[in-house]
Every structure is written in C-alpha cells, then in structure tokens.
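Breakdown of the fold
What follows is each chain in one-letter form.
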Amino acid sequence: MKNTKFSEMSTEELIKNQKTLKTVNTIFAIALCILFALNIFIIYNKGFSAMSVVPIALLPILFLNLNNLKEIKKELETRK
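Below or above, wherever it landed, is the structure these notes cover. (Residues numbered from 1 in each chain as written. Predicted model: local features only at pLDDT ≥ 70, side-chain atom pairs only at ≥ 80, totals over all residues. Heavy atoms only, no water.)

1. Some points on the overall build of the protein chain
Within the protein chain, the secondary structure is distributed over two helices and zero strands. What you see for the protein chain is a C-alpha radius of gyration of 17 Å, clearly larger than the 12 Å of a compact globule of 80 residues, by over 25%. Projected onto its principal axes, the C-alpha positions of the protein chain cover 55 × 20 × 15 Å. For the protein chain, with 80 residues in total, the buried portion stands at 21%. Across the protein chain, contacts joining residues at least 24 apart in sequence account for 75% of those joining residues at least 6 apart. The average position of the 11 basic charges and that of the 6 acidic charges among the side chains of the protein chain differ by 9 Å. (Helix = DSSP H or I, 4+ residues; strand = E, 2+ residues; numbered from the N terminus. Rg over C-alpha atoms; globule rule 2.2 N^0.38 Å. Buried < 20%, exposed > 50% of the residue type's maximum accessible area, 1.4 Å probe, protein only. Contact = heavy atoms within 4.5 Å. Lys, Arg positive; Asp, Glu negative; His and termini not counted. Charge placed at Lys NZ, Arg CZ, Asp CG, Glu CD.)

2. Let's talk about the pattern of salt bridges
Considering all chains together, one arrives at one salt bridge under this definition. Among the ionic pairs, Arg79 bridges to Glu75, the shortest N-O distance being 3.1 Å. With Arg79 and Glu75 both in helix α2 (residues 54-79) and four residues apart, the pair spans about one turn of that helix. Using a relative accessible area of 31% as the deciding quantity, one classes Arg79 as partly exposed. The class for Glu75 is buried, based on a relative accessible area of 19%. (Salt bridge = Lys/Arg side-chain N within 4 Å of Asp/Glu carboxyl O.)

3. Structural notes on the environment of Ile27
When you line up the elements, Ile27 lands in helix α1 (residues 11-46). Judged by its relative accessible area of 55%, Ile27 falls in the exposed class. Here the alpha-carbon distance between Ile27 and Glu71, two residues 44 residues apart in the chain, equals 20 Å.

4. A look at the packing of α1 against α2
Pairs of packed helices are described in terms of their axes, by the angle between the two and the distance that separates them. At their nearest, the axes of α1 and α2 sit 9 Å apart, and the two run at 155° to each other. Regarding the angle of α1 to α2, the classification is roughly antiparallel. Between α1 and α2 the crossing geometry is left-handed. Taken together, the residues that form the contact of α1 with α2 break down as 18 nonpolar, seven polar and four charged. (Axes fitted to C-alpha atoms, helices over the stretch in contact; angles between N-to-C directions. Parallel < 35°, antiparallel > 145°, perpendicular 65-115°, else oblique. Left-handed = near helix turned anticlockwise from the far one by under 90°. Nonpolar A, V, L, I, M, F, W, Y, C, P; charged D, E, K, R; others polar.)

5. Remarks on a nonpolar patch on the surface
Together, Ile30, Ile34, Leu38, Phe41 and Ile42 give the surface a local cluster of nonpolar side chains, amounting to about 490 Å² of exposed area. Tracing the backbone shows Ile42 in helix α1. (Patch = residues over 30% accessible without salt bridge, like charges linked within 9 Å, V, L, I, M, F, W, Y side chains within 5 Å. Areas by Shrake-Rupley, 256 points an atom, 1.4 Å probe, with all protein chains shown as cover.)

Below, the structure is given as structure tokens:
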C-alpha cells in the first residue's frame, strides 16, 4: 500500500482498499494455515530445520494488514 494516510483518501479509495485487504488477508491466512500444517508434518517426519520458522516469521505481516483493515473501517465509520 502507498504511504498515504487514510484520512487523506477518498471514500471510494478506502472502500477499494478495504475490499483488496480483505481478499489478501483471507488468502494469506489460508496460506499460513497450510504452511503451519505442512511444517508440523515435516517436523514430525524429518525433524526441525531452519525453514520451520518461516510461518512464524510471516505472522507479523498478517497482523499489520489486519491493523490497516481496522483503521480503514474506523475511518469509514467516521465519515458516515
């Protein structure tokens, strides 16, 4: 996303960004769940490796996107 503040964006842009973020977050969350499941399977079969930390390392991205989504929702509510 651009480095613009949500208060400077138009309502249409906020709605478009909200829809995009919802879709991206859903896909990303599903991918992380699959990675966690595969990670558990690989650890069980082959043991711990350096790649086992990848799903954990990607979690902050999901939380940042969820925070942005919450801020967009809050900005849209203030404009109603």
